[in-house]
Every structure is written in C-alpha cells, then in structure tokens.
Amino acid sequence: MTADSRMKPSFPASIAADCSIMNDDIFLPGPARQIERLGPLLVYCLFSAGRTVRIHDVNNRAAQAALAKLGQTLDECARLEGRVAIASVSDVLLINDVRIIVDSQSMGPLLYLIDEMKKRKVEEIDFGPDVTLPELGSFLKLFFLEPAEEDVFGEVNRRLSEAGIVNIRLTEWIEREKFLRDAKEERREIREESNKVMSRAVMFMGEVLRSIEQRRPIQLPKAHRLTQQMADIIQTDETILVGLSSIKDYDEYTFSHSVNVSVLSMLISDRMGLHKNDTAQIGVAALLHDIGKTHIPQSILNKPARLNTDEWSLMKRHSMLGAIELSRVRSLRAVVDPIFVSLQHHLLYNGSGYPVKPGAWELHPYTHIIVIADIYDAMTTPRIYRERTLTPDRVLRYILHKSGEMFDPLVVKVFIKTMGLYPVGTVVELDTGERAVVLRQNDRTSFLHRPVVSLLREDGSHSEPIDLAAPADGGTSCRRSIAGSVQDADCEARKARCFVMK
Ligand SMILES: [Fe+2]
Ligand SMILES: [Fe+2]
C-alpha cells in the first residue's frame, strides 16, 4: 500500500440519515476562527510589551501601557478560545494551533518572536486563564533576558519558577534530527524521549476530552506534532515505546488505550513501508478513533457486567458519534482519514461488525491497520467487566487464526512479523523457574523464540538485558529458554520499571 493508492470512500449518506443526533449544520463549513483575526494583534502586543520591558522597568509608564494592551488582548483571546497557547513550529507561528498570517508590515514582530522562542528552545508558551498583569510583566522581563550558554530551556524555566510564575508554562522544543542521530548511540536518550512523548500523548488525550466537554475545537496540529515525534522514534528504535504501550493503565483506560493503539498502528504502518507522513497521519487517526466514547455514559463504559441490549446498542454508536465529533473539526474536512477510521474501526475484513449499512462497506486502508492494533490492545488489557486477559502471544495467535476472515491478511503478516513470537513487554516464565520480561526481539529471525529479556527479581529489581540466544560459558547451548508466557499481576509493576524512566 502506498500513500498514492489510498482509497477515499465517500461518506455514506444512508448512515448519516440514520443517525438521529446528526444535524445539517455539522457538515457545513464553519466560520473562520476569531483567533485568525486577533492573532496578528496579539503578536504585535507581545512583541511591543517584550521590547518595552526589556528596555524599561516594568513599572515605567510605557511598560505598563504595553502590558495593559497585551493583557487586554490575551483576555479577549481567552474569552473566545478558553486558552492561549503560542507555538513556534518550523518557522511558523501558531496561536491555539491556528497559523497566524500577517501582512508585510507586521512580519518583523512575528519573525522576532519566532527567533526569540527558538533561541531559548521554547516550542510553546501557554498563558493560563488566571495570569495577572504583574505576572505577565515578570515573565516578559525574565523570558527576554539574554539566553544562557548551556541548558537554555532549563535556565528560562528555572528563572520563571524562582519568580513564582505559575500561570505561564513553557514547552521545550526538541531538535528532532540531531537528537535522534545522537540517540542511536545512547539508548538512555531514546528511553527518555519515548517516556516524554508517551506522557505528552496521554495528557493530550485528556485535553481532547476537556475540549469536547467545553465545546472547544480539538488541537489537531498538536496531535500531528506528537505523532511525528513518535514516527521519528519508531524509525530509530521502537522497543521502549512498545514496552510502554504494554503497561496497562487501568485508571486512564480510554486515554492510554488510544495512545497504545496509536503506537502499534504507526509501527505497523512503518513496517509496511508507508511514508513517515502517512505513518504520522495514521497515528493521529488512531489517537482519535474512540473519541465517540466521550458521549457514552461512564456507567456503561465501566459497567462491571455484561451490557444489556439497550446499553449495547448505545455503546455501538460510539463509532458514529466519534465521526460526527471529528467532522466538527474544520481542518479535518480536507483530510478525512480520522473521520473514516472513527466511523469504521469496529468493521472487520469480512464486512461484519458495526455500524451496519445497506450494501458493503469500502474500508479505508487505515482502518485495516487500526482494527488490528485496537483489538490487540483491548484483548491484552484487563477491564472491570473482563477478569482474565490473554497474554500477548495468545492474542497474536488469535489474530493469525482470524487472518482473511476478521483481518486483512497482509496487515496480519506484517504485524506478526513485527511483534515476534513474544512481543515486547510480554512476561514469560523461563525453564529455570525465573520470571522475565521481553525487552526486544532477537535480530536473527531463527531466534525469534529467544528474545532479549530482563529477569524480574522478587525484591522488585530487574537484571541487565540477557540475550536468550547467547550460548552459556563459551559452549553451544543456551542457559535459559522460555517455557511460556504468563499472566501475573504481581509482575506488572516490576515490568513497568524496565521501560518507565526512573
Ligand atoms: Fe471503539
Ligand atoms: Fe478502541
């Protein structure tokens, strides 16, 4: 499958007509966001106040006037959008993820801000709703001080926290290409980066939920930036990301499930040879696939028993509700992949599943990938209504068994080959009686049954990586072999320590 061969099935009108909550205006183009109009003014006010407090004391009359104007514009933006986040990404300035376009006269202030953020390795400045004028003044004074020679971002952050600035938060900009070239030699950096991106993705899903509750637009470019970072990691060394996705967060199930499905879908896409941009796009679609569940009551989502007929039919509507929710996102109307994935992610290769419509569904190519990642993560995660889960290798066997029936055979083949016999994160029992966790696959295909593991000790610690294919004491036979995978809740915390940053 190549990017060019993507099918773009049309939105099924019969389904749209079926849905009682759908109304006509949802699919009409929305008005331009006010932030597009206010953005250039905010850029100018920030530039002007920053320059003024750089030269004068914050109590100077000119500085106070500039700060008041900035405060007023921030308030106006916050009133319209609920938040104000200014990001500099690839020499483009975004406010609340809307690209700010200025005329040639205002180009100077815009480029100045981009440059100053870059010098301090700041990707985003988030102004909270409770920011005060004195706080704004101190922030500008400290932010525009000469950048430090080393740890430039850390230094700015330190200055701000020492000054007690809590309502303005900075996000670090990461120089991707350079970072990952260095990281090839330094696994610790990959580990750190994987942990960071996973927790940012879980936090992002929380923001998405809040945006939907408050009827605010979903910050889609942020999702793209996250999945592009994940795609970079996957192309370098995905093992920590996959390991982290194997740690099941029961309390934050919907968030962590979406992030896990995103990681696994992107891994499949990368191994299928899709372009990095497509892989990142699949990641976004996977992050948002279950977004319709935000409209399903918690009492149904977390019911500790089988759903009755009415509850089940409501639950089944989450895929349609998700497609409707995503159709409200203006920037998605041109790139509709996530809408199709949300709508179709419970439809199977043989046409079974839901939602049901007259005639056959034409499944979006991304759906074939995300369906497998979705089922794999769901079946390996304990839930309140399902006491026993299957070990990862058993779920793989199930997926293989259903290849060509429930799942696209090509995608199954790639998935099984990528995950190996014992996927990263599987807890196994060795023939020595020891418990271990799979850290990564063996490079040689003939040793797929002998991955690299870490022993999980009773005292909660774990051993250095052990290659199960390495012969013992200069001989030819291996010292330990896998007896089988195990489902052991006690091992979960010890296993997590192998992947989570200390
Ligand atoms: Fe779902
Ligand atoms: Fe799901």
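Residues numbered from 1 in each chain as written. Chains lettered and ligands numbered in written order. Predicted model: local features only at pLDDT ≥ 70, side-chain atom pairs only at ≥ 80, totals over all residues. Heavy atoms only, no water.

Caption draft 1: Seen up close, the coordination of the iron ion (ligand 2). Donor atoms from the polypeptide that coordinate the iron ion (ligand 2) comprise His257 (NE2), His289 (NE2), Asp290 (OD) and Asp374 (OD), at 2.2 to 2.3 Å from the metal. For the iron ion (ligand 2), the four donor atoms in the first shell make angles of 76 to 172 degrees at the metal, so the coordination geometry reads as irregular. In this model, the iron ion (ligand 2) sits 3.6 Å from the iron ion (ligand 1), the two metals being bridged by Asp290. As far as the burial class goes, His289 and Asp290 line up, both buried. (Donors = N, O, S within 2.8 Å, 3.2 Å for Na, K, Ca; no water. Tetrahedral: all angles 85-135°; square planar, octahedral: opposite > 155°, others 65-115°. Buried < 20%, exposed > 50% of the residue type's maximum accessible area, 1.4 Å probe, protein only.)

Caption draft 2: Spatial organisation of the packing of aromatic side chains. Summed over the entire model, instances satisfying the criterion amount to eight aromatic pairs. Judged by centre distance (6.1 Å) and plane angle (20 degrees), the rings of Tyr112 and Phe144 are stacked. In this pair, Tyr112 is assigned in helix α4 (residues 107-119) and Phe144 in the loop between α5 (133-143) and α6 (152-162), connecting sequence segments 32 residues apart. A relative accessible area of 15% places Tyr112 in the buried class. With relative accessibility at 4%, the residue Phe144 sits in the buried group. On the numbers, 6.0 Å between centres and 80 degrees between planes, the contact of Phe127 with Phe139 is edge-to-face. (Phe/Tyr/Trp six-rings, centres within 6.5 Å; stacked < 30°, edge-to-face > 60°. Helix = DSSP H or I, 4+ residues; strand = E, 2+ residues; numbered from the N terminus.)

Caption draft 3: Spatial organisation of α4. An ideal rise of 1.5 Å per residue puts 18 Å on 13 residues; α4 measures up with 18 Å between its terminal C-alpha atoms. Turning to α4, its buried residues are Pro109, Leu110, Tyr112, Leu113, Ile114, Glu116 and Met117. Against α2 (34-55), β1 (84-89), β2 (92-95), β4 (122-127) and α5 lie the buried residues of α4. Lys121 occupies a position one or two residues after α4 and carries a positive phi of about 55 degrees. (Expected span 1.5 Å × (residues − 1). Contact = heavy atoms within 4.5 Å.)

Caption draft 4: Structural view of the side chain of Asp408. With respect to the secondary-structure elements, Asp408 resides in the loop between α18 (392-401) and α19 (409-419). A distance of 2.9 Å separates a polar atom in the side chain of Asp408 from the backbone nitrogen of Leu410. The residues contacting Asp408, other than those within four sequence positions of it, are Tyr349, His368 and Ile372. (Polar contact = N/O pair within 3.5 Å; in protein donor to acceptor, adjacent residues only side chain to side chain.)

Caption draft 5: Fine view of the pairing of strand β8 (residues 452-455). Residues Val452 and Ser454 of β8 are buried on one face, and the alternating residues Val453 and Leu455, pointing to the opposite face, are buried as well. Bridge analysis of strand β7 (residues 435-440) against β8 gives four bridges, and the strand direction is antiparallel. Bridging across to β8, Val438 finds its partner in Val453. Relative to strand β9 (residues 466-467), β8 runs antiparallel, the two sharing two bridges. (Pairing = 2+ DSSP bridges.)

Caption draft 6: How the structure looks around the coordination of the iron ion (ligand 1). Taken together, the protein ligands of the iron ion (ligand 1) are Asp290 (OD), His318 (NE2), His345 (NE2) and His346 (NE2), with distances of 2.1 to 2.3 Å. Coordination at the iron ion (ligand 1) is irregular, judged from the four donor atoms that bind it and the angles of 85 to 171 degrees they form at the metal.

Caption draft 7: Broad picture of the pattern of salt bridges. Counted by the stated rule, this structure contains 24 salt bridges. Between Arg225 and Glu123 there is a salt bridge, with its nearest N and O atoms 2.8 Å apart. Of this pair, Arg225 sits in helix α9 (residues 220-236) while Glu123 sits in strand β4, and the two are 102 residues apart along the sequence. Take Arg225: its relative accessible area is 12%, and that puts it in the buried class. Note on Glu123: relative accessible area 8%, which makes it buried. (Salt bridge = Lys/Arg side-chain N within 4 Å of Asp/Glu carboxyl O.)

Caption draft 8: Quick look at the packing of α2 against α4. Where α2 contacts α4, the axes come no closer than 9 Å and their chain directions differ by 65 degrees. Considering their axes alone, α2 and α4 lie roughly perpendicular with respect to each other. Crossing handedness for the pair α2 and α4: left-handed. Across the interface between the two elements, Val43, Tyr44, Leu46, Phe47, Arg51 and Arg54 from α2 touch Pro109, Leu110, Tyr112, Leu113 and Glu116 from α4. Looking at the contact of α2 with α4 residue by residue, the class counts come to eight nonpolar, no polar and three charged. (Axes fitted to C-alpha atoms, helices over the stretch in contact; angles between N-to-C directions. Parallel < 35°, antiparallel > 145°, perpendicular 65-115°, else oblique. Left-handed = near helix turned anticlockwise from the far one by under 90°. Nonpolar A, V, L, I, M, F, W, Y, C, P; charged D, E, K, R; others polar.)

Caption draft 9: Up close: unusual backbone geometry. At the junction of Tyr354 and Pro355, the peptide bond is cis and its omega measures out at 0 degrees in the coordinates. Note that Pro355 resides in the loop between α16 (337-344) and α17 (365-379). You will see that Asp151, though not glycine, has its phi angle at about 45 degrees, which is positive. Residue Arg215 is not a glycine yet carries a positive backbone phi of 60 degrees. Within the secondary structure layout, Arg215 lies in the loop between α8 (187-213) and α9. The class for Arg215 is exposed, based on a relative accessible area of 56%.

Caption draft 10: View of the sheet that holds strand β3 (residues 98-99). The strand order β3-β2-β1-β4-β5 describes an open sheet built from five strands, whose pairing is antiparallel. Each of the sheet's edge strands pairs with one partner strand only, and the pair in question is β3 and β5 (168-172). Bridge count for β2 against β3 is two bridges, and the pairing is antiparallel. By the bridge assignment for β3, Leu94 is matched with Arg99.

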